[in-house]
Amino acid sequence: MRQEEREPVLKIENMSIVFTQYDRGMHQTELPVIRNLDVEVYAGEMVAVVGSSGSGKSLLAHGVMGVLPYNASMGGRITYCREELTGKRMEKIRGKEIVMVPQSTAFLNPLMKIGPQIRKGRKDEESRKKLRDIFRRYELKEEVEKLYPFELSGGMNRRILISTAMIEKPKLVIADEPTPGLDLKVAKRAMEHFRELADMGAGVLVITHDLELALEVADRIVVFYAGTTIEEASVQDFEKEETLRHPYTKALWRAMPKHGFQYIPGTQPYVKNLPKGCPFAPRCSQCTGECSKEIPYRTVREGKVRCIYAE
Amino acid sequence: MNRRWYIFILKNLIRIVLLTVCISIVTFALMKASPIDPLQANVGQAALGSMSQEQKEKLEEYWGVNTPPVQQYLSWAGDFVRGDMGTSLLYRQPVTKVIAVKLSNSLMLLAIAWILSGILGFALGVISGMNRGRLADKLIKGYCLIISSTPAFWLALLLLMIFSVWLHIFPIGLSVPIGVEASGVTLADRIYHAVLPALTLSITGVSNIALHTREKMIDIMESDYVLFARMRGEKGWRLFRYYGFRNVLLPAVTLQFASISEIFGGSVLVEQVFSYPGLGQAAVAAGLGSDLPLLMAITIVSALIVFGGNLTANILYGLIDPRIRRGGAEK
Ligand SMILES: Nc1ncnc2c1ncn2[C@@H]1O[C@H](COP(=O)(O)OP(=O)(O)OP(=O)(O)O)[C@@H](O)[C@H]1O
Ligand SMILES: [Mg+2]
């Protein structure tokens, strides 16, 4: 990939998301759910953000889309097509240039028929034709347009969610766990649809906890742990354990079925009791005293890593 | 209409019958347990003292004082089932006639209050919920909380004082002008007399509906589907029309029909304050005057109206909500 010569479609630098919570009366606590997050997505490229449950993946997506809950505040810098993506600018382009496929089918309006819902009420012949084409591609019957979400199966609703992205002409697609609940074959198909969008020139950011699936379709993998990006690696780097950089990524690699299904001891720390420095330190065999200091995100062998011992 | 509907309606009819029987028994028992002596209440202590024993016995028979309660109830129930509601002891007229007159008086009052509080409450609740935390929301919420902690009769007195006593805009009471023949009373007269009591009922009714609608609206605005709609660039009128309004309408319908009972209950006190000769006032008179047939009939008619409201809500819900309408047709 010749990324260096091109400008990224989306560039997230040093993003942080903090929740303000009130527990026990008026005592106010700050909950830093995401820190030091860096991700770049180039046109025509599919990047997968991989992280376990609760690591802040959905929040990352909602943060970019500008729809965080009212008690959350976001820091850092987001650039879209060279220009800073401010809230105002986002409001103008979201749903058109930047589209998102949400995590669950509860995101469909239960009282709006599928057809108008995907077309956002547009009735022109072009939108209608486009939708018919999408339906044909996803093997959905035309009658589905007249049904309500509750009348479809879970897998069909998934495809409806994906259709909402396909009907626009997006430059950037963010997909939040688009495949849970789908069996392996259908999940692969769904991922391939996103791959097609990337091949048509869009930048695609897929959020998933399924590393294996991500490796089959993505170009680059960003590994997410306890609200931080800890490694960025190309898919090729995952062919051997040695080409990976971070101990957690290596542990993920060993946990894959074809590499022996080795269990990673311990659990991801909850944001409230994060260790200082490296969040993976308590589970890491290479951990030393140095790891509780600030860890820089540095470039190692064309990828990036947040570990002082990686080389 | 399919089988599901027949079963639904049949179930509800059975429920209505059972409920009516229960209500009639409870009302009867309460009347019998009441410490009010029908003779003293209706004839008066002084008049009673000057009567002969024979006259007294006649009166006691008229008011049913000496009949055993169970027998009295059964004979009342037997007549009622045959469509005979008996004769009102106070008005000395068939109960059906009394109720027809009183109900037609009340009905306009109740209908105005019901529609007004429904539309206003819904609108305020929606505005409040859509603008959560902003000034509009704070004002509406404050208003609703104040109103819902204000007794209806007190509000009635307040309005009466301001608009009738001080400003002379509206009449002090009654449902028609004093000294005008029944044939000379126009619809305008009736509406003119119904304004204040209807306003009282609406004002109190609004707060409940608005607060409930506000809760629903907030839930909807925070729902995943509204979040997704916003991510897809939906905003302003379209966001409200297709995502907010469509989803809040269903609970609002239920709320609106459930509020019939509250408006009905409120009307008893409000009619009393405005000396408005409606069903509520008749109920109070019947209760205090031991007019058993009338009170029983009023209680049952009110219960039927309230129950009818709830039933209508359920039926409408099934017709409007595609999840029920179509979901049932499929299975
Ligand atoms: N409104 C909120 N207030 C406080 N904390 C929140 C809020 N929403 C999410 N969180 C916290 O943020 C963290 C990340 O949540 P998020 O939904 O982004 O996880 P995720 O990586 O998408 O997980 P999953 O794989 O289960 O979807 C969780 O620990 C969660 O408890
Ligand atoms: Mg998630």
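Reading the values: rules and limits
- Residues numbered from 1 in each chain as written.
- Chains lettered and ligands numbered in written order.
- Predicted model: local features only at pLDDT ≥ 70, side-chain atom pairs only at ≥ 80, totals over all residues.
- Heavy atoms only, no water.
- Patch = residues over 30% accessible without salt bridge, like charges linked within 9 Å, V, L, I, M, F, W, Y side chains within 5 Å.
- Areas by Shrake-Rupley, 256 points an atom, 1.4 Å probe, with all protein chains shown as cover.
- Salt bridge = Lys/Arg side-chain N within 4 Å of Asp/Glu carboxyl O.
- Lys, Arg positive; Asp, Glu negative; His and termini not counted.
- Charge placed at Lys NZ, Arg CZ, Asp CG, Glu CD.
- Buried < 20%, exposed > 50% of the residue type's maximum accessible area, 1.4 Å probe, protein only.
- Helix = DSSP H or I, 4+ residues; strand = E, 2+ residues; numbered from the N terminus.
- Phe/Tyr/Trp six-rings, centres within 6.5 Å; stacked < 30°, edge-to-face > 60°.
- Domains from an automatic or database assignment.
- Contact = heavy atoms within 4.5 Å.
- Buried area = accessible area lost by both parts, 1.4 Å probe.
- Polar contact = N/O pair within 3.5 Å; in protein donor to acceptor, adjacent residues only side chain to side chain.
- Nonpolar A, V, L, I, M, F, W, Y, C, P; charged D, E, K, R; others polar.
- Pairing = 2+ DSSP bridges.
- Axes fitted to C-alpha atoms, helices over the stretch in contact; angles between N-to-C directions.
- 1 Å grid on protein atoms, 1.4 Å probe; cavity = no way out; pocket = protein on both sides within 12 Å on 5 of 7 lines; lining within 4 Å.
- Points joined across faces, edges and corners; volume = space filled by probe spheres on them.
- Donors = N, O, S within 2.8 Å, 3.2 Å for Na, K, Ca; no water.
- Near = heavy atom within 4 Å.
- Expected span 1.5 Å × (residues − 1).
- Arc of directions from axis to C-beta.

Structural notes on a positive patch on the surface
Step number 1: Together, K88, K92 and K96 of chain A together with K235 of chain B line one region of the surface with positive charge.
Step number 2: Here K92 of chain A falls in the exposed class, since its relative accessible area comes to 63%.

Examining a nonpolar patch on the surface
Step number 1: Together, M161, V165, W166, L167, I169 and I172 of chain B make up an exposed nonpolar region whose accessible area comes to about 600 Å².
Step number 2: Within the fold, L167 of chain B resides in the loop between α8 (152-166) and α9 (187-221).

A short note on the packing of aromatic side chains
Residues and elements named next belong to chain B.
Step number 1: Under the criterion given, the structure shown has twelve aromatic pairs over all chains.
Step number 2: Their ring planes at 65° and their centres at 5.2 Å tell us that F28 and Y73 sit as a pair that is edge-to-face. In this pair, F28 is assigned in helix α1 (residues 3-33) and Y73 in helix α5 (residues 69-81), connecting sequence segments 45 residues apart.
Step number 3: According to the relative accessible area criterion, F28 is buried, its value standing at 6%.
Step number 4: Overall, the relative accessible area of 15% leaves Y73 in the buried class.
Step number 5: Taken together, the aromatic side chains of F28, Y73, W76 and F80 make up a single cluster linked through ring pairs.

Remarks on the environment of A187 of chain A
Step number 1: For A187 of chain A, the location among the structural elements is in helix α6 (residues 184-199).
Step number 2: C-alpha separation for the pair A187 of chain A and R158 of chain A, spaced 29 residues apart in sequence, amounts to 10.0 Å.

Let's talk about the domain arrangement of chain B
Residue and element names in this part refer to chain B.
Step number 1: Looking at the assigned domains, one finds that chain B contains domain 1 (3-33 + 92-330) and domain 2 (35-84).
Step number 2: With 15 residues of domain 1 at the contact, the number on the domain 2 side is 13 residues.
Step number 3: It is F28, K32 and S290 that lose the most area in domain 1 upon contact with domain 2, and together they represent 35% of the buried surface on that side.
Step number 4: In this assembly, domain 1 and domain 2 are joined by zero salt bridges.
Step number 5: Summed over the shared surface of domain 1 and domain 2, the number is one residue pair in polar contact (both at pLDDT 80 or more).
Step number 6: Contributions of two or more residues to the side of domain 1 that touches domain 2 are made by α1, α12 (279-288) and α13 (292-320).
Step number 7: In terms of residue class, the side of domain 1 that touches domain 2 is made up of nine nonpolar, four polar and two charged.

Section: the pairing of strand β8 (residues 203-208) of chain A
All names here are of chain A.
Step number 1: Taking burial as the measure, the six residues of β8 include six buried ones, the bulk of the element.
Step number 2: A two-sided burial pattern is seen for β8, the buried positions comprising G203, L205 and I207 on one face and V204, V206 and T208 on the other.
Step number 3: Bridge count between strand β3 (residues 46-50) and β8: five bridges; the pairing is parallel. By the bridge assignment, A48 is partnered in β8 with V206.
Step number 4: Pairing between strand β7 (residues 172-176) and β8: five bridges, direction parallel. Residue pairing in the sheet places I174 in a bridge with L205 of β8.

Some words on the sheet that holds strand β4 (residues 72-80) of chain A
The pairing of strands in a sheet happens through backbone hydrogen bonds and is either parallel or antiparallel.
Residues and elements named next belong to chain A.
Step number 1: Pairing is antiparallel in the open sheet, where four strands are placed in the order β2-β1-β4-β5. The sheet terminates laterally at β2 (28-41) and β5 (83-84), the two strands that pair on one side only.
Step number 2: In the packing of helix α1 (residues 57-65) onto the sheet, contacts are made with β1 (10-22), β2 and β4, and the angle to β1 comes to roughly 105°.

Regarding the layout of surface pockets
Step number 1: When its volume is computed, the largest pocket comes out at roughly 890 Å³.
Step number 2: Lining the largest pocket are 30 residues, and of these L68 and Y70 of chain A together with M221, E222 and R230 of chain B sit closest to its centre.
Step number 3: Those elements that provide at least two residues to the lining of the largest pocket are α1 and α2 (87-93) of chain A together with α6 (95-130), α9, α10 (224-231) and α11 (236-273) of chain B.
Step number 4: A breakdown of the residues in the lining of the largest pocket according to their chemical character gives 14 nonpolar, eight polar and eight charged.

Structural notes on the coordination of the magnesium ion (ligand 2)
Put simply, the ideal angle at a metal is 109.5 degrees for four donors in tetrahedral geometry and 90 or 180 degrees for six donors in octahedral geometry.
Step number 1: The magnesium ion (ligand 2) binds to the protein through S58 of chain A (OG) and Q103 of chain A (OE1); the donor distances cover 1.9 to 2.3 Å. With S58 of chain A in helix α1 and Q103 of chain A in the loop between β6 (98-101) and α3 (114-119), the pair connects residues that are 45 residues apart, well separated along the chain.

Observations concerning the site of ligand 1
All names here are of chain A.
Step number 1: Surrounding ligand 1, one finds 15 residues, the nearest of these being S53, G54, K57, S58 and Q103.
Step number 2: In this structure, S58 approaches ligand 1 through a side-chain N or O atom, which is 2.8 Å from an oxygen atom.
Step number 3: With the chains in place, 71% of the 640 Å² that ligand 1 exposes on its own is no longer accessible.
Step number 4: Elements that contribute at least two residues to the shell around ligand 1 include exactly β1, β2 and α1.
Step number 5: Here the shell around ligand 1 gets three residues from one element, more than from any other, and that element is α1.
Step number 6: Residues that form the shell around ligand 1 fall into these classes: five nonpolar, eight polar and two charged.

So, the pattern of salt bridges
Residues and elements named next belong to chain A.
Step number 1: If you walk through the whole model with that rule in mind, you get 27 salt bridges over all chains.
Step number 2: One salt bridge connects R254 with E241, and the closest N-O pair in it is separated by 2.6 Å. Of this pair, R254 sits in helix α8 (residues 247-255) while E241 sits in the loop between β10 (228-234) and α8, placing them 13 residues apart in sequence.
Step number 3: Shared partners join several salt bridges into a network, and the residues in it are E13, R77 and E84.

Structural notes on helix α7 (residues 135-148) of chain B
All names here are of chain B.
Step number 1: Taking 1.5 Å as the rise per residue, α7 with 14 residues should run 20 Å; its terminal C-alpha atoms sit 20 Å apart, in good agreement.
Step number 2: Turning to α7, its buried residues number three or more, namely D137, I140, C144 and I147. Take α7 and look down its axis: the buried residues cluster within an arc of 110°, on one side only. Counted as exposed and oriented over 90 degrees from the buried face of α7: L135, K138, L139 and I146.

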